[in-house]
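Listed below are the residues making up each chain.
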Amino acid sequence: MTPREKLLAEAAKRILMTDGAFGTEIQNWKLVEADYAGDLGLSHDQKGNNDILAITKPEVPETITREYLDAGSDIVSTNTFSANVISQADYGAEHLVKQINVASAQIARRLADEYAAKDGRPRFVAGAIGPTNKTLSLSPDVNDPGYREIDFDYLKQVYREQIDALVEGGVDFILIETVFDTLNAKAGVMAAIEAGNDLGRDLPIMLSMTLTDLSGRNLSGHTVEAFWHAVRHAKPITIGLNCSFGAEQLRPHVKTLSALADTLIMVYPNAGLPNELGAYDEMPATTAGLVKEWADAGQVNILGGCCGSTPAHIAAIAKAVTGLAPRAIVTPEVRTRLAGLEPFTMAA
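Residues numbered from 1 in each chain as written. Predicted model: local features only at pLDDT ≥ 70, side-chain atom pairs only at ≥ 80, totals over all residues. Heavy atoms only, no water.

### Some remarks on the overall build of the protein
1) Next: Across its full length, the protein carries 14 helices and eight strands.
2) Next: Here the C-alpha radius of gyration of the protein, 20 Å, is about what a compact globule of 348 residues would show, namely 20 Å.
3) Next: Projected onto the principal axes, the alpha-carbon positions of the protein cover approximately 70 × 50 × 45 Å.
4) Next: Counting all 348 residues of the protein, 53% fall into the buried class.
5) Next: When contacts within the protein are restricted to residue pairs at least 6 apart in sequence, long-range pairs at least 24 apart make up 78% of them.
6) Next: When the accessible surface of the protein is totalled, it reaches about 14900 Å², and 55% of it is carbon and sulfur. (Helix = DSSP H or I, 4+ residues; strand = E, 2+ residues; numbered from the N terminus. Rg over C-alpha atoms; globule rule 2.2 N^0.38 Å. Buried < 20%, exposed > 50% of the residue type's maximum accessible area, 1.4 Å probe, protein only. Contact = heavy atoms within 4.5 Å. Areas by Shrake-Rupley, 256 points an atom, 1.4 Å probe, with all protein chains shown as cover.)

Structure, rendered in structure tokens:
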């Protein structure tokens with residue numbers, strides 16, 4: 001079976017779990033500059049470059065990944081949110097992009113296979129791709145609305161470099177996450193499709209949008225409905241939401257997307273809203289109780305956590321949804337028939 005077929009088979013049985021935050025978990029290690037920089041001899045300070053830890057202090061992402069697997073994760077993500085040449089330019093580490101992605105993917109792959117071998121339950125690896133700090137839809141200069149720092153073809157190539165390295169490291173899926181600009185996501189989608197074509201095989205895409213306001217739009221102004229229609233052509237294996245807000249604020253948007261999309265719904269919210277110091281206080285039981293409401297309503301297939309979430313949050317969510325039926329995927333054609341409406345067809 002292909003990874004797509006395997007995931008769909010598992011998702012038909014139960015609600016699956018992805019993992020939680022890496023950034024806030026890494027902060028708990030209280031790492032210093034020497035931990036990040038290692039002996040690479042880079043000219044820039046590396047503190048805060050979480051992705052580079054895959055090659056300078058691999059025990060950090062490895063330990064965090066293992067903790068999520070222990071908590072019940074079926075899918076683990078690579079610690080590669082900023083492992084692209086645009087983001088790594090801030091650290092003078094552009095030349096390490098391939099090495100970072102391959103190393104991070106290999107860590108996740110090795111652990112996923114180790115846990116699957118223990119109990120026979122499949123584990124999957126998602127190659128995480130962040131949005132970068134550039135936007136294709138909006139100008140960074142208020143005095144020049146038509147100006148763009150980068151163009152579509154350049155960003156597509158940036159993503160392609162990262163995707164190729166993640167695939168070399170052994171990922172099952174390409175996770176284009178925290179999408180604040182739909183056009184950025186489309187560049188990632190195109191890169192993933194081209195990578196799969198060059199490989200001569202299916203390279204499943206996961207897409208996850210982030211909202212910038214409570215009305216349910218991202219920074220480029222798309223609602224969850226508009227986002228789905230903009231990316232549906234890519235046949236993503238999952239569509240969903242991450243980051244943005246806590247589960248409480250995402251409730252209506254999860255309901256909307258769940259009723260619309262004919263693929264798996266994956267949602268991983270923040271652990272509530274940040275406090276005055278930027279920390280997340282929402283307890284695991286609270287998060288679990290909130291996302292369980294989505295499961296009770298048959299709206300989700302895969303759950304997890306984003307900023308502020310911990311292995312304890314993942315364990316609590318996994319426990320809360322155990323035994324609950326996963327969301328049934330209803331195609332638009334079936335939805336039309338269920339509503340008692342027949343699709344319009346032209347007479348012969």
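Next comes the rest of the description.
### Regarding the packing of helix H5 (residues 59–71) against helix H7 (residues 97–119)
1) Next: Two elements in contact, H5 and H7, have axes separated by 10 Å at closest approach and are oriented at 30°. On the basis of the axis angle, H5 is roughly parallel to H7. Crossing hand, H5 versus H7: right-handed. Residue-level contacts link Pro61, Glu62, Thr65, Arg66, Leu69 and Asp70 of H5 to Ile107, Arg110, Leu111, Ala112, Glu114 and Tyr115 of H7.
2) Next: Split into classes, the residues belonging to the contact of H5 with H7 amount to six nonpolar, one polar and five charged. (Axes fitted to C-alpha atoms, helices over the stretch in contact; angles between N-to-C directions. Parallel < 35°, antiparallel > 145°, perpendicular 65-115°, else oblique. Left-handed = near helix turned anticlockwise from the far one by under 90°. Nonpolar A, V, L, I, M, F, W, Y, C, P; charged D, E, K, R; others polar.)

### Structural notes on the pattern of salt bridges
1) Next: Under the counting rule described, the total for this entry stands at 23 salt bridges.
2) Next: The closest approach of N and O atoms between Glu59 and Lys57, which form a salt bridge, is 3.1 Å.
3) Next: A relative accessible area of 37% places Glu59 in the partly exposed class.
4) Next: Residue classification places Lys57 among the buried residues on the basis of a relative accessible area of 19%.
5) Next: Residue Glu149 pairs with Lys134 through a salt bridge whose shortest N-O separation is 3.0 Å. With Glu149 in the loop between strand E3 (124–129) and helix H8 (152–169) and Lys134 in the loop between E3 and H8, this pair connects stretches of sequence that are 15 residues apart.
6) Next: Overlapping salt bridges bring together Glu10, Lys13, Arg14, Asp74 and Arg121 as one network. (Salt bridge = Lys/Arg side-chain N within 4 Å of Asp/Glu carboxyl O.)

### Section: the packing of helix H12 (residues 284–296) against helix H13 (residues 311–321)
The axes of two packed helices give the description: the angle between them and the distance between them.
1) Next: Two elements in contact, H12 and H13, have axes separated by 8 Å at closest approach and are oriented at 40°. In terms of axis orientation, H12 runs oblique to H13. As H12 packs across H13, the resulting crossing turns out to be right-handed. Touching Pro284, Ala285, Thr287, Ala288, Val291, Lys292 and Ala295 of H12 are Ala312, His313, Ala316, Ile317, Ala320 and Val321, all from H13.
2) Next: Looking at the contact of H12 with H13 residue by residue, the class counts come to ten nonpolar, two polar and one charged.

### Observations concerning the packing of aromatic side chains
1) Next: Enumeration according to the criterion identifies two aromatic pairs in this entry.
2) Next: Relative to Tyr68, the ring of Phe22 has its centre 6.3 Å away and its plane inclined at 55°; by these criteria the two rings are tilted. Taken together, the positions of Phe22 in the loop between strand E1 (16–17) and helix H2 (23–27) and Tyr68 in helix H5 put the pair 46 residues apart, joining distant regions of the chain.
3) Next: By relative accessible area, Phe22 is classed as buried at 11%.
4) Next: Summarising the aromatic geometry, the rings of Phe124 and Phe173 are spaced 5.7 Å apart at their centres and angled 35° between planes, so their arrangement reads as tilted. Of this pair, Phe124 sits in strand E3 while Phe173 sits in strand E4 (residues 173–179), placing them 49 residues apart in sequence. Of the two residues, Phe124 and Phe173, neither departs from the other in class, the shared state being buried.
5) Next: Above the face of the Tyr115 ring, Lys118 is positioned so that its terminal group lies 4.3 Å from the ring centre. (Phe/Tyr/Trp six-rings, centres within 6.5 Å; stacked < 30°, edge-to-face > 60°. Lys NZ or Arg CZ within 6 Å of the ring centre and 35° of its normal.)

### Some words on H13
1) Next: Within H13, the full set of buried residues consists of Pro311, His313, Ile314, Ile317, Ala318 and Val321. Seen along its axis, H13 keeps its buried residues to an arc of 155°; they face one direction.
2) Next: Its buried side turned inward, H13 meets E1, H2, H5, H12 and strand E8 (302–303).
3) Next: A positive phi of about 90° marks Gly323, the residue just after H13. (Arc of directions from axis to C-beta.)

### Quick word on unusual backbone geometry
1) Next: Phi is positive for Thr132, close to 70°, though the residue is something other than glycine.
2) Next: On the secondary structure map, Thr132 appears in the loop between E3 and H8.

### Here's the deal with the pairing of strand E7 (residues 264–270)
1) Next: Counting buried positions along E7 yields seven of seven residues, so the element is predominantly enclosed.
2) Next: Here strand E6 (residues 238–246) runs beside E7; their pairing, made up of seven bridges, is parallel. Residue Leu241 lies in a different strand from E7, and its bridge partner there is Val267.
3) Next: As for the winding sense of the linkage, the β-α-β connection from E6 through helix H11 (residues 247–260) to E7 is right-handed.
4) Next: By the bridge criterion, two bridges tie E7 to E8 in an arrangement that is parallel. Each residue of the ladder has a partner; that of Met266, found in E8, is Ile302.
5) Next: With respect to chirality, the unit in which E7 leads through H12 into the neighbouring parallel E8 is right-handed. (Pairing = 2+ DSSP bridges. Right-handed = clockwise from strand over helix to strand, strands pointing away.)

Read these as layout, nothing more, since geometry by itself doesn't imply function.
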